[in-house]
Amino acid sequence: MATSSVGFTAIQSVTARRVLDSRGNPTVEADVLLADGSLGRAAVPSGASTGAREAVELRDGEPGRWHGKGVDRAVAHVNGEIAAAVVGRDADDQAGLDAALVALDGTSDKSRLGANALLGVSLAAAKAAAAAHRQPLYRYLGGADARLLPLPMMNIVNGGAHADNPLDFQEFMIAPVGAETFAEAVRMGSEIFHTLRRDLLSAGHSTGVGDEGGFAPALRTAEEALDFVMAAVERAGYRPGADIGLIMDPASSEFFRDGTYVYEGEGVRRTPTEQVDYLAKLIDAYPIVSVEDPMAEDDLDGWRELTARVGDRCQLTGDDVFCTNEELLREGIRTGVGNSVLVKVNQIGTLTEALATVATAHRAGWTVVMSHRSGETEDTTIADLAVATGCGQIKTGSLSRSDRTAKYNQLIRIEEELGDSARDGHGSPGRPPRRRALKVRSVASYSIGQAAKLLGVSSETARRWADSGRLRMDREGPGNRAVDGVSLAAFAKERAEGMHPLPEGAVVTSVRNAFAGIVTRVTLDDVVAQVEIQSGPHRIVSLVTRESVEELGIEVGDTVTARVKSTNVHIDTP
Ligand SMILES: O=C(O)[C@@H](CO)OP(=O)(O)O
Ligand SMILES: [Mg+2]
């Protein structure tokens, strides 16, 4: 029932139409007009790899029209029943409006009127109210403190349900964790995207893009995709780990069948425990800072196993498993399913419910990733929502296709609009929140002198290498040059393989069989671990327990000392 309101934010009319989404399927667009003439318009996105417990997207199901994907019933619901119920309501009262929409639908999954019908009106009302208050949406919803630009997760390789290639995993993303500003993050992402394009082309791969604008080459394994991404990051001049974190969305529910993860592209099957092992190994081998839906929505034991195993060092984001549903999220928080939640407004159907999910996650100390759907439109509401909620992370596709770049462009505008206020106040609002939002592994960093010692050369030699660019150094504070551990480890290994012949006289001494070196590889098994160390020209391999590696926090790029106790040391002469 409509409440009467005479204010300037009273809803005067609600209308909907059918428009096209980025896949060329119909979707709902709603307009909410207020008494003062303010207009809010919102178009509803649509997923391909949907969670089983998502609110229902109402489709007409007539095979002869739109291949069954018509939304005429949802549009009619907005123009009829919903409009009649909400005209006269105050658009300022978002919670009241959304509660009325939920009550009007009357089902637990919004299947009667359709979550697509409800969400269009819910978002359009918020936008109309913001316009009436002459405020941008992020400010109207987030208040004066909405000043934090999100770290973008850019999807540059598509697979799974979003592409027609054999890749089993759905998304491979880069997050410019080293960027100082959002605009800078976009530049870095774009450079890597174009570098990847060239690399794929020269390797004979197609550079056609998938649903979210990332490339969809015919690769078979996650490792192949990750290796291409790593190479592109480096060739674009960035340091994996320090400048760019890697993120994956395997969308595992899509290939979980009868209790097994069936990798059709790769041609293997993995039990839940094998899936945990596999993902943990990928997380150890690559600078992966976040994995979304690593385990299927119905494999909660698997989720818990993975969370216990890597949750302290990697963000594990629940998408299908939570469906932006506050109740499902609460249960996940209680039972240790992941440590982060993906928020897609259309999974739940109203803005108020989506905001409640964000608040619940934040109260529990969980991170939140605002997200698009694979079927999008030019609507940029989620860009504002990311800033309004201060969630610090957004996943909105690749650096191509206007349905994806529209959100990046909106965030560039918001950053510009915030201007100096973005840099005022506590912390570094207005900037990608590196440590706050993502558990990015801190990369060890070395001075020239330290690097020289680890490489077993003089400081002059290390400086010469740095000056000539062979050893990549970055400035860390005025006058100080530093090299990050991961780059140094790679250099040490490469050099030992003979690519950089050892200068004369550069010998590492071993004092009482103690070899200081840099960790170049860590391979973790269930119980044991293999740690490879480059100590000057020497490669040392040590088998220790997994527990020791975890206790000592040993990672690639760290400095360690290998101590060898043996009564049996053979000495050869040339
Ligand atoms: O799985 C996902 O996270 C989304 C968005 O990337 O895909 P879809 O919209 O198809 O569910
Ligand atoms: Mg997902």
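Residues numbered from 1 in each chain as written. Chains lettered and ligands numbered in written order. Predicted model: local features only at pLDDT ≥ 70, side-chain atom pairs only at ≥ 80, totals over all residues. Heavy atoms only, no water.

## A closer look at the site of ligand 1
Stage number 1. Taken together, the neighbourhood of ligand 1 is formed by 16 residues, with Ala48, Glu171, Glu212, Ser374 and Lys395 sitting nearest.
Stage number 2. A distance of 2.7 Å separates an oxygen atom of ligand 1 from a polar atom in the side chain of Lys395.
Stage number 3. When ligand 1 sits alone it has 310 Å² of accessible area, and the protein chains cover 100% of it.
Stage number 4. Under a 2 Å grid-point criterion requiring more than half of the atoms, the pocket assigned to ligand 1 is the second largest cavity.
Stage number 5. Considered class by class, the residues forming the shell around ligand 1 number two nonpolar, six polar and eight charged. (Near = heavy atom within 4 Å. Polar contact = N/O pair within 3.5 Å; in protein donor to acceptor, adjacent residues only side chain to side chain. Areas by Shrake-Rupley, 256 points an atom, 1.4 Å probe, with all protein chains shown as cover. 1 Å grid on protein atoms, 1.4 Å probe; cavity = no way out; pocket = protein on both sides within 12 Å on 5 of 7 lines; lining within 4 Å. Sits in = over half its atoms within 2 Å of the grid points. Nonpolar A, V, L, I, M, F, W, Y, C, P; charged D, E, K, R; others polar.)

## A closer look at empty space enclosed by the protein
Sizing a probe to match a water molecule and rolling it over the atoms shows the empty space that remains.
Stage number 1. Enumeration over the complete set of coordinates arrives at two cavities of 30 Å³ or more.
Stage number 2. Considering only enclosed or pocket space, the largest cavity measures out at about 70 Å³ in volume.
Stage number 3. Lining the largest cavity are Ala43, Pro45, Leu123, Val345, Glu376, Asp379, Thr381, Ile382 and Lys407.
Stage number 4. Among the residues making up the lining of the largest cavity, the classes are represented as five nonpolar, one polar and three charged.
Stage number 5. Taken as a whole, the second largest cavity spans an internal volume of roughly 60 Å³.
Stage number 6. Along its surface, the second largest cavity is lined by 15 residues, and Ser49, His162, Glu212, Lys344 and Ser374 are the ones closest to its centre.
Stage number 7. Taken together, the residues of the lining of the second largest cavity sort by class into one nonpolar, seven polar and seven charged. (Points joined across faces, edges and corners; volume = space filled by probe spheres on them.)

## As for the packing of aromatic side chains
Two measures describe an aromatic ring pair: the distance that separates the ring centres and the angle between the ring planes.
Stage number 1. Using the criterion set out here, one finds twelve aromatic pairs in the structure.
Stage number 2. One aromatic cluster is present, built from ring pairs that chain together Phe169, Phe172, Phe255, Phe256, Tyr261, Tyr263 and Tyr278.
Stage number 3. Geometry around Tyr263 places Arg270 over its ring, the cationic atom sitting 4.4 Å from the centre. (Phe/Tyr/Trp six-rings, centres within 6.5 Å; stacked < 30°, edge-to-face > 60°. Lys NZ or Arg CZ within 6 Å of the ring centre and 35° of its normal.)

## With respect to the environment of Ala52
Stage number 1. Among the structural elements, Ala52 can be located in the loop between strand S3 (39–43) and helix H1 (72–86).
Stage number 2. A relative accessible area of 63% places Ala52 in the exposed class.
Stage number 3. Sequence separation between Ala52 and Glu297 is 245 residues, and the spatial gap between their C-alpha atoms is 8.1 Å. (Helix = DSSP H or I, 4+ residues; strand = E, 2+ residues; numbered from the N terminus. Buried < 20%, exposed > 50% of the residue type's maximum accessible area, 1.4 Å probe, protein only.)

## So, the pattern of salt bridges
Stage number 1. For the structure on display, the rule yields 38 salt bridges.
Stage number 2. Among the ionic pairs, Asp277 bridges to Arg309, the shortest N-O distance being 2.8 Å. Placement of the pair is Asp277 in helix H7 (residues 272–285) and Arg309 in helix H8 (residues 300–310), with a sequence separation of 32 residues.
Stage number 3. A residue is classified by how much of its surface remains accessible, and Arg309, at 19% relative accessible area, is buried.
Stage number 4. The partner of Glu292 in a salt bridge is Lys395, with the nearest N and O atoms 3.0 Å apart. Linking Glu292 in strand S10 (residues 288–292) with Lys395 in strand S14 (residues 393–395), this pair joins segments that are 103 residues apart in sequence. (Salt bridge = Lys/Arg side-chain N within 4 Å of Asp/Glu carboxyl O.)

## As for the side chain of Ser290
Stage number 1. Within the secondary structure, Ser290 sits in strand S10.
Stage number 2. In terms of polar contacts, Ser290 uses its side chain to reach the side chain of Gln315, at 2.9 Å.

## Quick look at the pairing of S10
Stage number 1. Most of S10 is tucked away: five of the five residues are buried.
Stage number 2. Relative to S10, strand S6 (residues 245–249) is paired through three bridges, and the arrangement is parallel. Directly across from Leu246, in S10, lies its bridge partner Ile288.
Stage number 3. For the crossover from S10 across H8 to strand S11 (residues 315–318), the handedness is right-handed. (Pairing = 2+ DSSP bridges. Right-handed = clockwise from strand over helix to strand, strands pointing away.)

## Focus: the UniProt feature "binding site: Mg(2+)" (unreviewed entry) in the protein
Stage number 1. Residues annotated by UniProt as "binding site: Mg(2+)" (unreviewed entry) correspond here to Asp249, Glu292 and Asp319. A compact arrangement is adopted by the annotated residues: their sequence extent is 71 residues, whereas the largest C-alpha distance between any two is 9.3 Å. As for the annotated residues, the ones lining the second largest cavity are Asp249 and Asp319.
Stage number 2. You can call Glu292 buried: its relative accessible area is 3%.
Stage number 3. Apart from residues no more than four positions distant in its own chain, Glu292 is found in contact with Met248, Asp249, Pro250, Ala251, Thr317, Asp319, Leu342 and Lys395.
Stage number 4. Within the fold, Asp319 resides in the loop between S11 and helix H9 (326–335).
Stage number 5. We classify Asp319 as buried; its relative accessible area is 2%.
Stage number 6. Setting aside anything within four residues of it in sequence, one finds Asp319 in contact with Asp249, Glu292, Asp293, Leu342, Lys344 and Gln347. (UniProt positions renumbered as here; feature names shortened; annotations may be inferred. Contact = heavy atoms within 4.5 Å.)

## Quick look at the sheet that holds strand S20 (residues 538–545)
Stage number 1. Read from one edge to the other, the open sheet built from four strands follows the order S20-S19-S18-S21, with strand pairing classed as antiparallel. Looking along the sheet, the strands with just one partner apiece sit at the ends: S20 and strand S21 (559–563). Sheet twist, expressed as the mean angle between neighbouring strand axes with direction ignored, is 45°.
Stage number 2. Where strand S18 (residues 514–524) lies against S21, five bridges are found, and the strand directions are antiparallel. In the sheet register, Phe515 faces S21, and the bridge partner there is Ala562. (Axes fitted to C-alpha atoms, helices over the stretch in contact; angles between N-to-C directions.)

## Re the environment of Arg147
Stage number 1. Relative to the elements of secondary structure, Arg147 occurs in the loop between helix H4 (137–142) and strand S4 (151–158).
Stage number 2. Note on Arg147: relative accessible area 12%, which makes it buried.
Stage number 3. Spatially, the C-alpha atoms of Arg147 and Ala388 are 7.8 Å apart, while their sequence positions differ by 241 residues.

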